[in-house]
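The primary structure of each chain is shown beneath.
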Amino acid sequence: MDKLRITGGQVLNGEMNVSGAKNAALPELCAALLTSDAVTLRNVPKLQDIATMSKLIRHMGVEVHQPEAGVVQLCAQALARTEAPYDLVKTMRASVLVLGPLLARFGQARVSLPGGCAIGSRPVDQHIKGLQAMGAVIEVQHGYMVASLAPGLKRLRGAHITTDMVTVTGTENFMMAACLAEGETVLENAAQEPEIPDLAELLIAMGARINGHGTSKIRIQGVERLHGADHHVVADRIEAGTFLCAVAATGGDVILRNARADHLEAVIEKLQAAGASIESGDSFIRIRSQGRLKAQSFRTTEYPGFPTDMQAQFMALNCVATGASKVTETIFENRFMHVNELVRLGAHIQIDGKVAMVEGVPSLSGATVMATDLRASASLVIAGLVAQGETVVDRIYHLDRGYDHMEAKLRALGADIERIS
């Protein structure tokens with residue numbers, strides 16, 4: 001099992017390219033199920049989750065080719081099966097995204113209940129309720145969602161869907177399913193994360209009729225068929241935010257190429273309040289940091305608020321900042337598992353329910369720590385970069401699910417970091 005060995009204390013300087021967004025590429029791989037024509041995705045990151053999703057749709061009969069790095073060509077002309085088995089989806093919750101496209105185009109699906117990081121409950125009941133409103137019959141049997149069209153229906157029908165909570169994968173599932181449904185579908189309380197409009201732009205390029213993507217109300221007019229398209233995946237805002245926090249913690253001057261500052265406004269606002277200097281243009285973000293920054297309190301919430309996927313990384317920054325901060329997690333009930341590992345490095349953190357109180361310390365000290373989930377892994381890497389001595393981060397298969405060669409990118413910026421087996 002691979003680990004990362006980090007010797008802290010190095011300032012980060014230079015430039016790096018931000019990879020394509022995992023959380024955009026995953027639903028866009030599933031969107032290829034909606035057409036028999038070829039779909040080409042560019043700027044696809046090299047990640048374990050991408051490999052898992054590619055293996056899943058290939059298992060169904062989708063032709064998947066990668067002619068060059070970052071480019072994936074897909075063709076779902078002839079599907080052999082409409083099942084997503086447990087063995088292929090147990091490590092990744094995004095596997096539920098095949099449910100909507102399979103129902104919309106083939107009228108049936110058998111999808112295992114998904115897995116993923118152990119950061120809290122992520123119920124699929126919203127997916128089931130929404131698709132049932134569109135005319136699907138769905139039962140949970142032996143750990144699988146078994147879905148078909150209601151008797152008498154030849155295709156899904158448009159519906160007015162209001163979810164009980166904001167759900168990103170739910171919004172994506174409904175949007176893909178609605179593209180081939182009969183009539184109009186209206187999604188209320190829709191997720192607004194940048195990955196939603198990126199998926200919508202791909203679907204529109206395939207012939208879908210969608211309006212309102214990027215707002216809380218999306219309208220989709222169903223069409224009879226979709227065609228192929230060529231699409232560039234949006235930059236990964238969470239990777240960009242993670243590297244911004246790393247530079248803010250270690251100090252230095254780094255330019256992130258292919259980054260979108262408009263997708264990170266809540267994080268950038270907090271970094272600037274902490275004392276980091278940030279400037280940006282159409283496709284870059286530059287951060288400069290020197291000395292200990294000022295601790296910042298924040299509360300995670302749905303986009304455009306502070307993202308839950310950046311909570312652990314910013315907490316690592318707060319651990320070595322001056323002053324105290326209060327971090328409130330409102331999205332997932334079990335997303336403080338990195339705290340005990342940060343404490344092993346010398347951080348001062350106390351947890352009370354959904355709130356973590358962080359008292360900044362002048363320095364951390366290296367130790368062996370264990371990653372518990374994807375973003376927790378990144379927080380431990382950041383902490384290791386500023387800790388005195390050597391830090392070893394174990395179980396980095398979590399990290400490989402969402403960061404494309406993170407250690408290589410950090411090493412190019414001057415970090416003393418290596419992957420060991």
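Scroll up to find the structure.
These remarks concern the structure in this document.

Analysis parameters
Residues numbered from 1 in each chain as written. Predicted model: local features only at pLDDT ≥ 70, side-chain atom pairs only at ≥ 80, totals over all residues. Heavy atoms only, no water. 1 Å grid on protein atoms, 1.4 Å probe; cavity = no way out; pocket = protein on both sides within 12 Å on 5 of 7 lines; lining within 4 Å. Points joined across faces, edges and corners; volume = space filled by probe spheres on them. Helix = DSSP H or I, 4+ residues; strand = E, 2+ residues; numbered from the N terminus. Nonpolar A, V, L, I, M, F, W, Y, C, P; charged D, E, K, R; others polar. Axes fitted to C-alpha atoms, helices over the stretch in contact; angles between N-to-C directions. Parallel < 35°, antiparallel > 145°, perpendicular 65-115°, else oblique. Left-handed = near helix turned anticlockwise from the far one by under 90°. Contact = heavy atoms within 4.5 Å. Pairing = 2+ DSSP bridges. Salt bridge = Lys/Arg side-chain N within 4 Å of Asp/Glu carboxyl O. Buried < 20%, exposed > 50% of the residue type's maximum accessible area, 1.4 Å probe, protein only. Core = buried A, V, L, I, M, F, W, Y, C linked by side-chain atoms within 4.5 Å. Expected span 1.5 Å × (residues − 1). Phe/Tyr/Trp six-rings, centres within 6.5 Å; stacked < 30°, edge-to-face > 60°. Lys NZ or Arg CZ within 6 Å of the ring centre and 35° of its normal.

## Description of the layout of surface pockets
Looking at the second largest pocket, its volume works out to about 230 Å³. Lining the second largest pocket are 18 residues, with Ala-249, Thr-250, Arg-292, Val-320 and Val-386 positioned closest to its centre. Among the elements of the structure, α8 (237-250) and α12 (374-386) are those that each provide at least two residues to the lining of the second largest pocket. Tallied by class, residues from the lining of the second largest pocket come to 11 nonpolar, six polar and one charged.

## Details of the packing of α8 against α12
At a minimum axis separation of 9 Å, α8 and α12 run at an interaxial angle of 25°. The angle between α8 and α12 places the two elements in the roughly parallel class. Of the two possible hands of crossing, α8 and α12 adopt the one that is right-handed. Between α8 and α12, the residues in contact are Ile-238, Thr-242, Cys-245, Ala-246, Ala-249 and Thr-250 and Arg-375, Ala-378, Ile-382, Leu-385 and Val-386, respectively. Across the contact of α8 with α12, the residue classes break down as eight nonpolar, two polar and one charged.

## Some details on empty space enclosed by the protein
Applying the stated criterion to the full structure yields one cavity of 30 Å³ or more. Here the largest cavity is characterised by a volume of approximately 40 Å³. Along the walls of the largest cavity sit Ala-21, Lys-22, Asn-23, Glu-195, Asp-236, Ile-238 and Arg-375, which together make up its complete lining. Across the lining of the largest cavity, the residue classes break down as two nonpolar, one polar and four charged.

## Notes on the sheet that holds strand β12 (residues 209-211)
With respect to topology, four strands assemble into an open sheet ordered β10-β11-β13-β12, the strand pairing being mixed. The open sheet has two free edges, formed respectively by β10 (160-162) and β12, since each of these has just one partner strand. Adjacent strand axes in the sheet meet at a mean angle of 15° when their direction is disregarded.

## A look at the pattern of salt bridges
Overall, the coordinates contain 19 salt bridges when judged by the stated rule. For the salt bridge of Glu-184 with Arg-219, the shortest nitrogen-to-oxygen distance reads 3.1 Å. Taken together, the residues Glu-184 in strand β11 (residues 184-188) and Arg-219 in strand β13 (residues 217-221) connect sequence positions 35 residues apart. Overall, the relative accessible area of 35% leaves Arg-219 in the partly exposed class. Among the charged side chains, a salt-bridge network with shared partners connects Asp-2, Asp-400, Glu-407 and Arg-419.

## Side note on the nonpolar core
Counting residues in each nonpolar core, the largest one holds 76 residues, and the members touching the most others are Val-98, Met-175 and Leu-203. The contact partners of Met-175, leaving out residues within four places of it in the chain, are Leu-187, Ile-196, Leu-199, Ala-200, Leu-203, Ile-210, Ile-218 and Ile-220.

## Remarks on helix α2 (residues 48-60)
Under the 1.5 Å per step criterion, the end-to-end length of α2 is 19 Å for 13 residues, consistent within 8% with the ideal 18 Å. Listed as buried for α2 are Asp-49, Ile-50, Thr-52, Met-53, Ser-54, Leu-56, Ile-57 and Met-60. Where α2 is buried, its residues contact α1 (22-31), β4 (63-68), β5 (71-75), β6 (83-84), α3 (86-89) and α4 (99-106). Immediately downstream of α2, the backbone of Gly-61 shows phi near 120°, a positive value.

## What to know about the packing of aromatic side chains
One pass over the structure, following the stated rule, counts three aromatic pairs. Relative to Phe-314, the ring of Phe-306 lies with its centre 5.7 Å away and its plane at 85°, an arrangement referred to as edge-to-face. In this structure Phe-306 comes out as buried when scored by relative accessible area, which is 5%. Among the aromatic residues, those joined into a cluster by ring pairs are Phe-298, Phe-306 and Phe-314. Across from the ring centre of Tyr-144, 3.8 Å away, lies the NZ or CZ of Arg-110, which sits over that ring.

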